Amino acid sequence: MTKQPHAFDKNAFQLSVQKHLSATYAHTVENADSRAWYLAMGRALAEITTINLLETEADERVVNAKSVNYLSLEFLIGRLTGNNLINMGLYESVTEAMAEMGQNLTDLLEEERDPSLGNGGLGRLAACFMDSLAAQEFPSVGYGLHYEYGLFKQSFAEGRQQEAPDAWRGVEGYPWEVARPELAQEIGFYGHVESYDDNGVQRRRWVPSMYVKAMPWDVPVVGYQSNTVYPLRLWECQAIAPFSLESFNNGNYFEAQHALIDAGNITKVLYPNDNHEKGKTLRLMQQFFHSSASVRDILRRHLDAGLALADLSKQETIQLNDTHPTIAIPELMRILMDEYHLDWDAAWAISSKTFAYTNHTLLPEALETWSESLIQHLLPRHMEIIYEINHRFLQEVRAKWPGDVAKQQKLSIIQEGFNRVVRMANLCVIGSYAVNGVAALHSELVKRDLFPEFDALYPTRLHNVTNGVTPRRWLKFCNPGLSELVSEIVGNDWPKHLEQLEAVSQYAKDAAFQKRYMAVKRENKQRLADWVKTNLDIEISADAIFDVQIKRLHEYKRQHLNLLHILSLYHRLLNEPGFDMAPRVVFFAAKAAPGYHLAKEIIFAINKVAEKVNNDPRIGGKLKVVFIPDYRVSMAEMIIPAADVSEQISTAGKEASGTGNMKMALNGALTIGTMDGANVEIREEVGDDNIYIFGLEVDEVEALKAQGYNPFEYYHADPLLKASMDLLLGEEFTPGQPGLLRATYDSLLDGGDPYLCLADFASYVKAHEAMDKQYRDKAGWAQKAILNTALVGKFTSDRSIRDYVDNIWQLKAINR
Ligand SMILES: *Cc1c(COP(=O)(O)O)cnc(C)c1O
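Residues numbered from 1 in each chain as written. Predicted model: local features only at pLDDT ≥ 70, side-chain atom pairs only at ≥ 80, totals over all residues. Heavy atoms only, no water.

### A closer look at helix H34 (residues 797-809)
Note the threshold: Only runs of H or I of at least four residues qualify as helices and only runs of E of at least two qualify as strands under DSSP, and these elements are numbered from the N terminus. For a helix, the expected span equals 1.5 Å multiplied by the number of residues minus one. Only protein chains enter the calculation, and the probe is 1.4 Å; a residue is then buried if its accessible area is under 20% of its type maximum, exposed if over 50%, and partly exposed in between. Polar contact is defined as a pair of N or O atoms within 3.5 Å, subject to the rule that within protein one atom must be able to donate a hydrogen and the other to accept it, and that residues adjacent in sequence are counted only when both atoms are side-chain atoms.
Between the first and last C-alpha of H34 there are merely 15 Å, a value that for 13 residues lags more than 12% behind the 18 Å anticipated at 1.5 Å per step. Among all positions of H34, only Ser797, Asp798, Arg799, Ser800, Ile801, Tyr804, Val805, Ile808 and Trp809 are buried. A distance of 3.0 Å separates the backbone nitrogen of Asp798 from a side-chain oxygen at the start of H34, and that oxygen is part of Thr796. Once H34 finishes, Gln810 follows within two positions and takes phi at roughly 55°, a positive value.

Here it is as structure tokens:
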């Protein structure tokens, strides 16, 4: 049983807010604006969570229990204040306390800028997992980077994406984080390796030629209605002072400053690529900086607890969120051998039982490799250790498949060739005791297509852990109307036991309940419509179907297939006599990586089509297209509760799991989707009648590709497809500038349509027609929406974490 959180003392809290308003932020009650009030309130709340953090950290039961260390280059946490109030059980009390001081809590929460320390799904998953670890009181530390600039801010200028830096901490600093200078680490780079004689034992040691400081900032991860708070520890790179005494003393002040500038650069900015690796030096420096600081902190905690190094894997497990922190494996080996003088076998016995790795993608462009010469230059000792790991591993391969050189080449950590590269995924599989995919289908494909030989060598190593989302943020906080409604039926425990929502399914056919459920949906739609009117000056009706695709812009996610559907509706409204459709608003929100040309052209095309369609009197307002700029967690929190239709239309086999699909189904949107990622499992849960599945399945995609896919065949055979696509060729959407939208058109024909949009078009249109028809049957639609909410309890990230705990981490909850 969870203990009641500490009693809330309203007077003390109000005094604390006022003290921070004046002493910390230099405002008087009279002149303070909303931002000052938000900051002061944030600091007052963070005082409570910091004390709980220190108490949790010092708790003997926690110190002596096994912990998971979740290593991720990204944590897309979103705003913390509202969510932390929910988890602290203080939402109502603080609303009242602030109201007594003349402040509206909802307005103050809008003052918080999203900490966008991640790109998309992978970073958001890490944030949901931290929430679920704390909620279930599993000892845990999240380790990430304290980027000065998070994911860029997106705006549109004449339909084209513009990027601006995201200074998320503001000038005042972020109220929820606390610096832990006593836990700072020093991190080396470059230099050389030397041998030396240690009382007759030959040893190796790395002599770096550059050092920087890793300063930890702790962000509290608040347990749900408990006093347990675990840290999300974000490392900031700082120069070590005195940076270069020599150049300083030489009077070369400016040269000395270079060290400061370089050091600041390492955590200056988040790389904005999602599912795409670019191999830049600074990115590898970020990765090593993150891995080294985190591994050292884990060892410090272990040794401070008075435990033996040999017992590390009994006390600590290290989960690698994708291959980005892979260098932690050779770093732990190096520290154990070179600093603690363990021999190879002893070090490997520890390391190989400590690390576990999560694979997030099969896309070849996302599988990380690093040039051997870059690693050699930046981390010479780590390169030696990688060679040794590989040497010993290849002996195993030769023993298993004698004489099979092709196998050795395929499995080797080093990819041979003119520019030799290190394959990080291979290193991860070899150096980990468990490897998991993120949805059942994805994990099957990892076994079948990506790592079949590893599966043969290590038959118990590969697992599945289907992703999940935290119901605290993605239902209770973001959709209070629906939360109250379900609480009336199932009580108040569902945020911790989401499977209890199943009881709601008994009301799916209840007319009175349907009415209330759809009234909540309509309120959420109206709120979004108001936001769109105020911020984008587009008029939309809350009675229309809200058809939503919100996710990173990627060819494999096929926003351009959605665009083709929009074009087909537009064409039919104008040209097909008797064509009728329910009024529809298609929402997009998506950032494109700044260097991803086609993704940016697709954004441009959608914006240009939207401009014309939204203002075309001929279609009588039946179709609207809204591209909401700057997609981020706080926008997702507003859009998702308002969605009727959830677009999950990736080419089968390309989306590892998806989590947006889970958030929207939970909030009562019906999925239109392919048999990809977790869509497959959502279908299993909600049933075939309550989801719209279309398109080629994985095996059909592979067969079509193998036989030689020709998009022109589909283009010429389907008049609706041809008419829809041809709209992109003229000046329909770009008056006076014909052909401005050609890039998207060309990618689908001359470009070969690598993600098979044209092959899936007809079946996608049919699925949409079926949905459109269903939407006009209000009761039938309500029933399906209710069943989606009721039947997706499996996709709580609490269940994902329990799967990790039971099958991989072997932790015990510490109920404080
Ligand atoms: C959930 C979420 C994602 C992941 O969306 P997918 O549809 O699974 O790709 C990306 N960004 C934000 C802000 C999210 O909240």
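### Examining the pattern of salt bridges
Pairing of side chains with opposite charge becomes possible as their charged atoms draw close. This is how the line gets drawn: Any carboxyl oxygen of Asp or Glu within 4 Å of a side-chain nitrogen of Lys or Arg constitutes a salt bridge here.
Throughout the structure, instances matching the rule amount to 68 salt bridges. We note a salt bridge from Glu163 to Lys600, for which the minimum N-O separation is 2.8 Å. With Glu163 in strand E4 (residues 160-164) and Lys600 in helix H24 (residues 597-614), this residue pair connects regions lying 437 residues apart in the sequence. Here Asp726 makes a salt bridge to Lys722, at a shortest N to O gap of 2.8 Å. In this pair, Asp726 and Lys722 both sit in helix H30 (residues 719-726), four residues apart, roughly one turn of the helix. Classification of Asp726 by relative accessible area gives partly exposed; the value is 23%.

### Digging into the UniProt feature "modified residue: N6-(pyridoxal phosphate)lysine" (unreviewed entry) in the protein
Test applied: UniProt positions are given in the numbering used here, feature names are shortened, and annotations may be inferred rather than shown by experiment. Two residues qualify as a contact provided that any one of their heavy atoms is within 4.5 Å of a heavy atom in the partner residue.
With numbering matched to this structure, UniProt assigns "modified residue: N6-(pyridoxal phosphate)lysine" (unreviewed entry) to Lys663. Topologically, Lys663 is positioned in helix H26 (residues 660-666). Look at Lys663 and you get buried, because its relative accessible area is 7%. Sequence-distant contacts of Lys663, defined by excluding residues within four places in its chain, comprise Arg124, Val469, Trp474 and Ile640.

### Regarding the pairing of E4
Successive residues of a regular strand alternate their side chains across the two faces of the sheet. Threshold: Strand pairing is defined by DSSP finding a minimum of two bridges between the two strands.
In the sheet, strand E3 (residues 153-157) pairs with E4 via five bridges, with the strands oriented antiparallel. Paired with Ser155 across the strands is Gln162, a residue of E4.

### Structural notes on the environment of Trp176
Mapped onto the fold, Trp176 is located in the loop between E4 and strand E5 (178-179). What makes Trp176 buried here is its relative accessible area of 1%. Separated by 92 residues in the primary sequence, Trp176 and Asn84 place their C-alpha atoms 9.9 Å from one another. If we ignore the near neighbours within four places in the chain, the residues touching Trp176 are Gly42, Leu45, Ala46, Thr49, Leu80, Thr81, Asn84, Glu112, Asp218, Val219 and Pro220.

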